[in-house]
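# A structural walkthrough
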Amino acid sequence: VEKFVITGGKPLHGEVTISGAKNAAVGILPATILAADVCVIENLPDISDVSVSLKILSTLGAQVKMLNRNTYEIDTRHLVTTNVPDDLSRQMRASYYFLGALLGRFGSGQVGGNLGPRPIDQHLKVFSALGAEDSVDYGMITVRTKQELTGAHIFFDKVSVGATMNGMLSAVMAKGQTILENCAKEPHVVDLANFLNMCGADVRGAGTDVIKVRGVEKMHGCTYSIIPDQIEAGSYMV
C-alpha cells in the first residue's frame, strides 16, 4: 500500500479485547519449570515469542497441551534436559529467563545463542551472588552451582526488567532470604511475582524497587491468567 487516506470526524464506539502482556508471558512460561507440576496459563498472546517458549518447554521434556487459542496446560514434572537448544534460543531474546528457572530448580541451565544487543551482566551478577558459576563456550551460556543456591543481598547497577525477573526466578527456591534492590517496577514484574506466589513462592515487594524473596523447598502448579498488555491498551486508547 502506497498510502492510507484517513478521513476523520467520526466518533469511535464499541470495544476491543486486549491481548495478554508479552513481557509477562515470556517470564511466566519459563517459571512453570519451577512448579514441577501441572500449570494452566490463560490469556497467552498469540505471538511468536510465546510459540518459541512453548517449543523450548517441549524440547526440555514438558508436556504442552493447547486447551484453546490463548490457554495452554504445561506439565513440567518430568523434564529430561536443562539445555535450551541454540536454534530455538536465537529466535527469542527473552530465552534468558530459562537460565533463571532451570538454575532455580536443577542447579544448572544452558541457553545458547545470541541474546541480543543488551548485555546480561546484571542477570549473571544475581546468579553469581546466589552461588552459581557461569561460563560461555561457543556462544552457549552455562550457569551451574556445586552446592545449593543460597539467598543473598543484591543491588542492581542499573534498572533492568530482565535481571529483576531472572533474580526472582533463581531465588524462589534458594536457601534463606534474597533481597533485590534497584529493581524494575513494571506491571509484568508484578505479574511474574503473583504467578510465583500462586505456585507457593514467597515474593514480596514486586512493583517497588526492593523485592524480598524467601526461599521455599518446593512449589506446585496453579491456573493463572496473564495480565492484559499495557502497550496494546495504550495504543487503542490513543
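A brief look at the structure comes next. (Residues numbered from 1 in each chain as written. Predicted model: local features only at pLDDT ≥ 70, side-chain atom pairs only at ≥ 80, totals over all residues. Heavy atoms only, no water.)

### Examining unusual backbone geometry
Not every positive phi belongs to a glycine, and Ala36 is a case in point at roughly 50°. Position of Ala36 among the secondary structure elements: in the loop between helix H1 (22-35) and strand S1 (38-42). Classification of Ala36 by relative accessible area gives partly exposed; the value is 32%. In this structure, Asn43 is a non-glycine residue whose phi angle is positive, near 60°. Tracing the sequence through the fold places Asn43 in the loop between S1 and helix H2 (48-60). With a relative accessible area of 24%, Asn43 lands in the partly exposed category. (Helix = DSSP H or I, 4+ residues; strand = E, 2+ residues; numbered from the N terminus. Buried < 20%, exposed > 50% of the residue type's maximum accessible area, 1.4 Å probe, protein only.)

### Some words on the environment of Leu99
Tracing the sequence through the fold places Leu99 in helix H4 (residues 97-106). In the structure, Leu99 is positioned 51 residues away from Thr150 in sequence and 17 Å away in space, judged by C-alpha atoms. Setting aside its immediate chain neighbours within four residues, Leu99 contacts Gly109, Gln110, Val111, Phe127, Ile141, Val143 and Asn166. (Contact = heavy atoms within 4.5 Å.)

### Let's talk about the side chain of Thr164
Residue placement: Thr164 occurs in helix H6 (residues 161-171). A relative accessible area of 0% places Thr164 in the buried class. With residues up to four places along the chain from it excluded, the contact list for Thr164 reads Phe156, Leu180, Cys183, Ala184, Val189 and Ile211.

### Details of the packing of helix H5 (residues 121-129) against H6
Packing of H5 against H6 brings their axes to within 8 Å, and their N-to-C directions diverge by 20°. Looking at the two axes, H5 sits roughly parallel to H6. Judged by the sense of rotation from one axis to the other, the crossing of H5 with H6 is right-handed. Of the residues in H6, those touching H5 at Gln122, His123, Val126 and Phe127 are Gly162, Ala163, Asn166, Gly167 and Ser170. (Axes fitted to C-alpha atoms, helices over the stretch in contact; angles between N-to-C directions. Parallel < 35°, antiparallel > 145°, perpendicular 65-115°, else oblique. Left-handed = near helix turned anticlockwise from the far one by under 90°.)

### Some thoughts on the pairing of S1
With 4 bridges connecting them, S1 and strand S3 (residues 71-75) associate as antiparallel partners. In the strand pairing of S3, Ile41 is matched with Tyr72. Pairing between S1 and strand S12 (residues 223-225): 3 bridges, direction parallel. Its bridge partner lying in S12, Glu42 is registered against Ser225. (Pairing = 2+ DSSP bridges.)

### Focus on a nonpolar patch on the surface
Side chains of Val1, Phe4 and Ile6 sit close together on the surface and give an oily, nonpolar patch of about 480 Å² of accessible area. Its place among the elements puts Ile6 in the segment before H1. Using a relative accessible area of 76% as the deciding quantity, one classes Ile6 as exposed. (Patch = residues over 30% accessible without salt bridge, like charges linked within 9 Å, V, L, I, M, F, W, Y side chains within 5 Å. Areas by Shrake-Rupley, 256 points an atom, 1.4 Å probe, with all protein chains shown as cover. Salt bridge = Lys/Arg side-chain N within 4 Å of Asp/Glu carboxyl O.)

### Some remarks on the sheet that holds strand S7 (residues 140-144)
Pairing in this open sheet of 4 strands is mixed, and the strands run S4-S5-S7-S6 from one edge to the other. Taken across any chain shown, the strands that pair with only one partner, and hence form the sheet edges, are strand S4 (83-84) and strand S6 (133-137). Of the strand pairs in this sheet, strand S5 (residues 108-111) and S7 are connected by 4 bridges, and their pairing is antiparallel. What sits directly across from Gly109, in S7, is Val143.

### Here's the deal with the sheet that holds strand S10 (residues 202-204)
To summarise the sheet geometry, strands pair through backbone hydrogen bonds and adopt either a parallel or an antiparallel arrangement. Read across the sheet, 4 strands follow the order S8-S9-S11-S10 without closing on themselves; strand pairing throughout is mixed. Since the sheet does not close on itself, it has two edges, and those belong to strand S8 (153-155) and S10, each with one partner. Each strand axis lies, on average, 15° off the axis of its neighbour in the sheet, ignoring direction. The pairing of S8 with strand S9 (residues 177-181) spans 3 bridges and is classified as parallel. Across the sheet, the residue bridging to His153 is Ile179, located in S9. Its contacts with the sheet place H6 against S9, S10 and strand S11 (210-214), and it is angled at close to 180° to S9.

### Structural notes on the nonpolar core
Ranked by internal contacts, the top residues of the largest apolar core, which has 72 residues, are Ile41, Phe98, Met168, Phe195, Leu196 and Val203. The biggest single contributor to this core is H1, with 9 residues. Excluding anything up to four places from it in sequence, Val203 contacts Met168, Val172, Ala193, Leu196, Asn197, Ile211, Lys212 and Val213. (Core = buried A, V, L, I, M, F, W, Y, C linked by side-chain atoms within 4.5 Å.)

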